[in-house]
Amino acid sequence: MNLEVSRSSTLWCRVGLARQKVFDRRRQTLFLIVFCVLCLGVILAGSAQAAVANQTNLSQRNQAPSWAHPFGTDWLGRDMLLRTWSGLSLSLRVGFLAALFSSLIGLVIGLTAATLGGAVDAFFSWWIDVFLSLPHMVVLILLAFVSGGGLNGVVISVALTHWPSLARVIRAEVYQVRSADYVQLSAKLGRSPSWIARHHILPHLWPQFLVGLILLFPHAILHEAGITFIGIGLSPHQPAIGIILAESMRHLSTGYWWLAVLPGMALLVMVKLFDILGENVRALLDPRTAQE
Amino acid sequence: MRKSPLKALVVLPIILFSLSACQSPSPSAPPPAETHAPSQTPSPTAQMPSAGYPQETPSRTLTLAIGGESSEGYDPTLGWGRYGSPLFQSTLLRRNADLKIVNDLAINYTVSEDRLVWTVDIRSDVKFSDGRPLTARDVAFTYNQAAKSAGLTDLSMLDQAIAVDEDTVELRLKQPTSTFVNRLITLGIVPEHAYGEGYGRNPIGSGPYQLVQWDEGQQLIVEPNPHYYGEKPQFDRVVFLFTSEDAGFAAAKAGQVHVVSVPQALGKQTLEGMRVLPVPSIDNRGIMFPFVPDMGEKTEKGYPIGNNVTADLAIRRAINYAIDRQALVEGVLEGFGAPAYGPADYVPWWEPESAIRDNDPRTAQRILREGGWQDTDGDGVLEKGDLEARFTLVYPASDSTRQSLALAVADMVRPIGIQIELRGASWDEIETLMHSNAVLFGWGSHDQTEMYNLYHSSMRGKGWYNTGFYANEQVDNYLDLAMGAPTEEEALVYWRAAQWDKKGVGFTTKGDAAWAWLVNLQHVYFVSDCLDVGKQQIQPHGHGWPITFNITEWRWICQ
């Protein structure tokens, strides 16, 4: 999944370059603002819908999409638009928390490893390699179990599995900054490694950190959907997007296509939007592409 | 992980195809001349041969996707077939399609005057599938073994089983038990000479079929037991597929299986070449309420006991009245079921007067008002002193029907001011929660012992039975009288009284309302138009393969 997203990101980047006239920075910024408002709207409104989204209406079961129910209704007459909305809001919250924690872990480990160097660096690098070599989903499942399931389990497991690639990027960045003349000089002047880390290196890392955070977001959402899909963490009546998709699988053979297709599309659009957002921010912050 | 259901759909036809490919001219199939000519039919799988062409020896393979895999194996002494029809083994007695008790291995049985000794004469012409004869020693061994292993087949009342001679066995009880006849109906006889560790994986018995191959989690293949003493089954091979509900349905849609069991929600679908067969059952679903308040007590395993809200009679009774059971049947079960008011509706030991007029929020509200519940803070949830009318209902997360029932019930009682929070959990978790939270359970047996176990105070906290710690001396008394009655018939009046004695005592709604029973399911199957599965009995709770109880009578009716 990592590879796929990054590959598609590069693709989008290329498309972005080809259409640089259309997507200039101002338009990108405008796009970002609209997007952020949209997300906030989904998050705030969706969490308020959670109770209503579970309301059954046994007289309106299995209805195809209509004006009254744009996403149709399920086998208990629950409105699928409300459920999808509520599910996305849950996914966004989980995704945001998990991505935030994960990138903080990445930042701290990357910074510590590169600043202290030596045995500490070797130790953390080894950990990064270990985490990168383990299959993502397996570690997620194990961690979700160990941390006791529930919403916390999902957040913790996603947070604890997504930091290594960011940590590695940050570590490399720190090494680069560390060899700069002014940092060498600062060290010669007797500043401690932690002082140098805070005053010289950290300010250089913010762009990396921000981009890393945003790009982690779609991963976190997809993985949240993934582990709720296989039934770990949340109760099956809670409207998480993975649970909605898993339940709809049972009804695919009956021809109720709207149960899977529409929530699936909504998830796809949301993830893709965040992916584009991350790429755009990266392009804006990268001095080599900022002027394009 | 997302790909797995798809993968199952892709792999399934391949397995089926390779299976049917292996079977075509089967050397074990008897030549057509040997069988009774009129019912001689071509293979269900060999659909190609048309009239006028010489047909190859038919291989009559039946493919069933009816679930029921027993992951712990097929050992009756550990609980296999505890709801009847063990397939590989045969039982002393059995119930026919009308639930009447008829002889199987037994020729007759007598019960001593003190009702402590059951003497059973068995047939002397019976052989196990390995060719060795079945004797009274095997019967005695089976009963003693089952009592010793204390599995899911409850034989705690058995003192000892003794083979008196080659074909007579004495079953001696510790106390008179009117329901003991049900053990004779459900316990399959295992051979003493071939019993040991691993028997469950490789069962040898005297039933109509013997096990050929079992690929755990995938399929189980059986072939007729050549030594079976009863009517010879018409099918040379039966394949049980263990698929998820949707994969089974998809396989049926593709014409790959002859019988498939589906969740009730799919019962309104149509499948080409198949007919829907709803079979009534006493498989029921209901909400168990913790009966005692939370006094900080714990079970031996350390699980908390009691719930202050559900310990209130008004709450339990009001919920019973507020629920619209018919709407649950129509809405959740697609009409494949019936409202349930007790643990054993529509069977001879049911007390019909225990039923109430439900979907009656007014009565529910009156009961709550009289019980001292009021909405003092206007938040829509009632209070009584410091207590809020709010509790958690736990359901097994893997069961979509129970989840739907739980959601619908929570919505039905919200308007009367009771807030039910839902929690989906695994069975392991439920075990820790079931004494202090309401749980959506399912039961249903042809054996009245189940009612005793669910409501007798001696069963408080024992296994999965009386998990709510229900206790009522008078109900205990009725249950004891029923258990100690000389015969099943004489026990009926006491079983009924325990439900509702019309004088103010009973565990159903009019009495203690210990549970809120919701629905009796119909088991829904799609059966090939070419297959006649005979008359089905009212099925018990769905472990095992209840539809196969008469598998020897199944007929292929297409030419």
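The rules behind each value
Residues numbered from 1 in each chain as written. Chains lettered and ligands numbered in written order. Predicted model: local features only at pLDDT ≥ 70, side-chain atom pairs only at ≥ 80, totals over all residues. Heavy atoms only, no water. Helix = DSSP H or I, 4+ residues; strand = E, 2+ residues; numbered from the N terminus. Buried < 20%, exposed > 50% of the residue type's maximum accessible area, 1.4 Å probe, protein only. Contact = heavy atoms within 4.5 Å. Areas by Shrake-Rupley, 256 points an atom, 1.4 Å probe, with all protein chains shown as cover. Disulfide = S-S within 2.5 Å. Expected span 1.5 Å × (residues − 1). Patch = residues over 30% accessible without salt bridge, like charges linked within 9 Å, V, L, I, M, F, W, Y side chains within 5 Å. Salt bridge = Lys/Arg side-chain N within 4 Å of Asp/Glu carboxyl O. Axes fitted to C-alpha atoms, helices over the stretch in contact; angles between N-to-C directions. Parallel < 35°, antiparallel > 145°, perpendicular 65-115°, else oblique. Left-handed = near helix turned anticlockwise from the far one by under 90°. Nonpolar A, V, L, I, M, F, W, Y, C, P; charged D, E, K, R; others polar. Polar contact = N/O pair within 3.5 Å; in protein donor to acceptor, adjacent residues only side chain to side chain. Domains from an automatic or database assignment. Buried area = accessible area lost by both parts, 1.4 Å probe. Pairing = 2+ DSSP bridges.

1. Focus on the overall build of chain B
Here comes step 1: Of regular secondary structure, chain B possesses 12 helices and 21 strands.
Here comes step 2: Relative to its full complement of 559 residues, chain B shows a buried share of 56%.
Here comes step 3: For chain B, long-range pairs separated by at least 24 residues make up 69% of all intrachain contacts whose partners lie at least 6 apart in sequence.
Here comes step 4: Counting every atom, chain B has about 23,100 Å² of accessible surface; 50% of that belongs to carbon and sulfur.

2. Things to note about the state of the cysteines
All names here are of chain B.
Here comes step 1: Enumeration over the complete set of coordinates arrives at 1 disulfide over all chains.
Here comes step 2: For C530, the disulfide goes to C558, at an S-S distance of 1.8 Å. Across the S-S bond linking C530 and C558, the dihedral sits near -85 degrees, which makes this disulfide left-handed. Taken together, the residues C530 in the loop between β19 (515-528) and β20 (531-532) and C558 in the segment after β21 (555-556) connect sequence positions 28 residues apart.
Here comes step 3: Exposure remark for C530: the relative accessible area of 17% places this residue in the buried category.

3. Points about helix α6 (residues 150-161) of chain A
Here comes step 1: If you check α6(A), its first and last C-alpha atoms are 17 Å apart, about what 12 residues at 1.5 Å a residue would give, namely 16 Å.
Here comes step 2: Next to the buried residues of α6(A) lie α3 (80-116), α4 (118-133), α5 (136-146), α7 (164-178) and α9 (193-229) of chain A.

4. A closer look at a nonpolar patch on the surface
Here comes step 1: Among the surface-exposed residues, A:F96, A:L97, A:F101 and A:L104 lie close enough to one another that they form a single nonpolar patch of about 360 Å² accessible area.
Here comes step 2: One can find A:F96 in helix α3.

5. A few points about the packing of α5(A) against α6(A)
All names here are of chain A.
Here comes step 1: Orientation of α5 relative to α6, taken along the N-to-C sense of each, is 140 degrees, at an axis distance of 8 Å. In terms of orientation, α5 lies oblique with respect to α6. Relative to α6, the crossing made by α5 is right-handed. Counted together, H136, V139, L140, L143 and A144 of α5 and G153, S157, V158, L160 and T161 of α6 form the full contact between these two elements.
Here comes step 2: In the contact of α5 with α6, the residues fall into 6 nonpolar, 4 polar and no charged.

6. Considerations on the side chain of A:S103
Here comes step 1: Considering the arrangement of structural elements, one finds A:S103 in helix α3.
Here comes step 2: Discounting residues that sit within four places of it in the chain, A:S103 has contacts with A:L166, A:F209, A:L213 and A:L216.

7. What about the interface of chain B and chain A?
Here comes step 1: If you look at the interface, chain B gives 27 residues, while chain A gives 24 residues.
Here comes step 2: Run the count over chain B and chain A and you get 1 salt bridge.
Here comes step 3: Residue A:R61 is joined to B:E334 by a salt bridge in which the shortest nitrogen-to-oxygen separation is 2.8 Å.
Here comes step 4: On the surface where chain B and chain A come into contact, there are 8 residue pairs in polar contact (both at pLDDT 80 or more).
Here comes step 5: Within the residue set of the side of chain B that touches chain A, elements represented by two or more residues are α4 (245-253), α6 (325-331), α8 (400-413) and β17 (419-425) of chain B.
Here comes step 6: Along the lines of polarity and charge, the residues of the side of chain B that touches chain A split into 12 nonpolar, 6 polar and 9 charged.

8. Looking at the domain arrangement of chain B
All names here are of chain B.
Here comes step 1: For chain B, the assigned domains are domain 1 (4-8 + 282-521) and domain 2 (33-242).
Here comes step 2: Between domain 1 and domain 2, the C-alpha centre-to-centre distance is 35 Å.
Here comes step 3: Opposite the 17 residues of domain 1 that make contact, domain 2 presents 13 residues.
Here comes step 4: Counting the surface lost from both domain 1 and domain 2, the interface buries some 1,100 Å², and carbon and sulfur atoms represent 48% of this.
Here comes step 5: The largest contributions to the domain 1 side of the interface with domain 2 come from H446, M483 and E488, which together make up 40% of the buried area.
Here comes step 6: Summed over the shared surface of domain 1 and domain 2, the number is 2 salt bridges.
Here comes step 7: A salt bridge links R95 to E488, with the shortest nitrogen-to-oxygen separation between them at 3.6 Å.

9. Looking at the sheet that holds strand β6 (residues 158-165) of chain B
All names here are of chain B.
Here comes step 1: As summarised here, the arrangement of the 4 strands in space is β4-β5-β7-β6, forming an open sheet in which the pairing is antiparallel. Taken across any chain shown, the strands that pair with only one partner, and hence form the sheet edges, are β4 (106-111) and β6. The mean angle between the axes of side-by-side strands here comes to 20 degrees, regardless of whether they run parallel or antiparallel.
Here comes step 2: Pairing analysis gives 6 bridges linking β6 to strand β7 (residues 168-173), with the strands arranged antiparallel. If you follow Q160 over to β7, its bridge partner there is R172.

10. Examining the pairing of strand β8 (residues 209-215) of chain B
Residues and elements named next belong to chain B.
Here comes step 1: With 6 bridges joining them, β8 and strand β9 (residues 219-224) adopt antiparallel strand pairing. Across the sheet, the residue bridging to Y209 is P224, located in β9.
Here comes step 2: Linking β8 back to β9 in an antiparallel pair, the connection comprises 3 residues, with G217 at a positive phi of about 80 degrees.

11. Digging into the packing of α3(A) against α6(A)
Residue and element names in this part refer to chain A.
Here comes step 1: Contact pair α3 / α6: the axes reach a minimum separation of 8 Å and the direction vectors enclose 40 degrees. Taken together, α3 and α6 sit at an angle that is classed as oblique. Our pair here, α3 against α6, has a crossing hand that is right-handed. Seen from α3, the contacting residues are L90, V94, L97, A98, F101, S102 and I105; seen from α6, they are L151, V154, V155, V158, A159 and L160.
Here comes step 2: Tallied by class, residues from the contact of α3 with α6 come to 12 nonpolar, 1 polar and no charged.

12. Some thoughts on α4(B)
All names here are of chain B.
Here comes step 1: Counted residue by residue, α4 has 7 buried out of 9 residues, so it is predominantly covered.
Here comes step 2: For α4, the full list of buried residues reads D246, A247, G248, F249, A250, A251 and A252.
Here comes step 3: Remark: G255 follows α4 within two positions and exhibits a positive phi of approximately 75 degrees.

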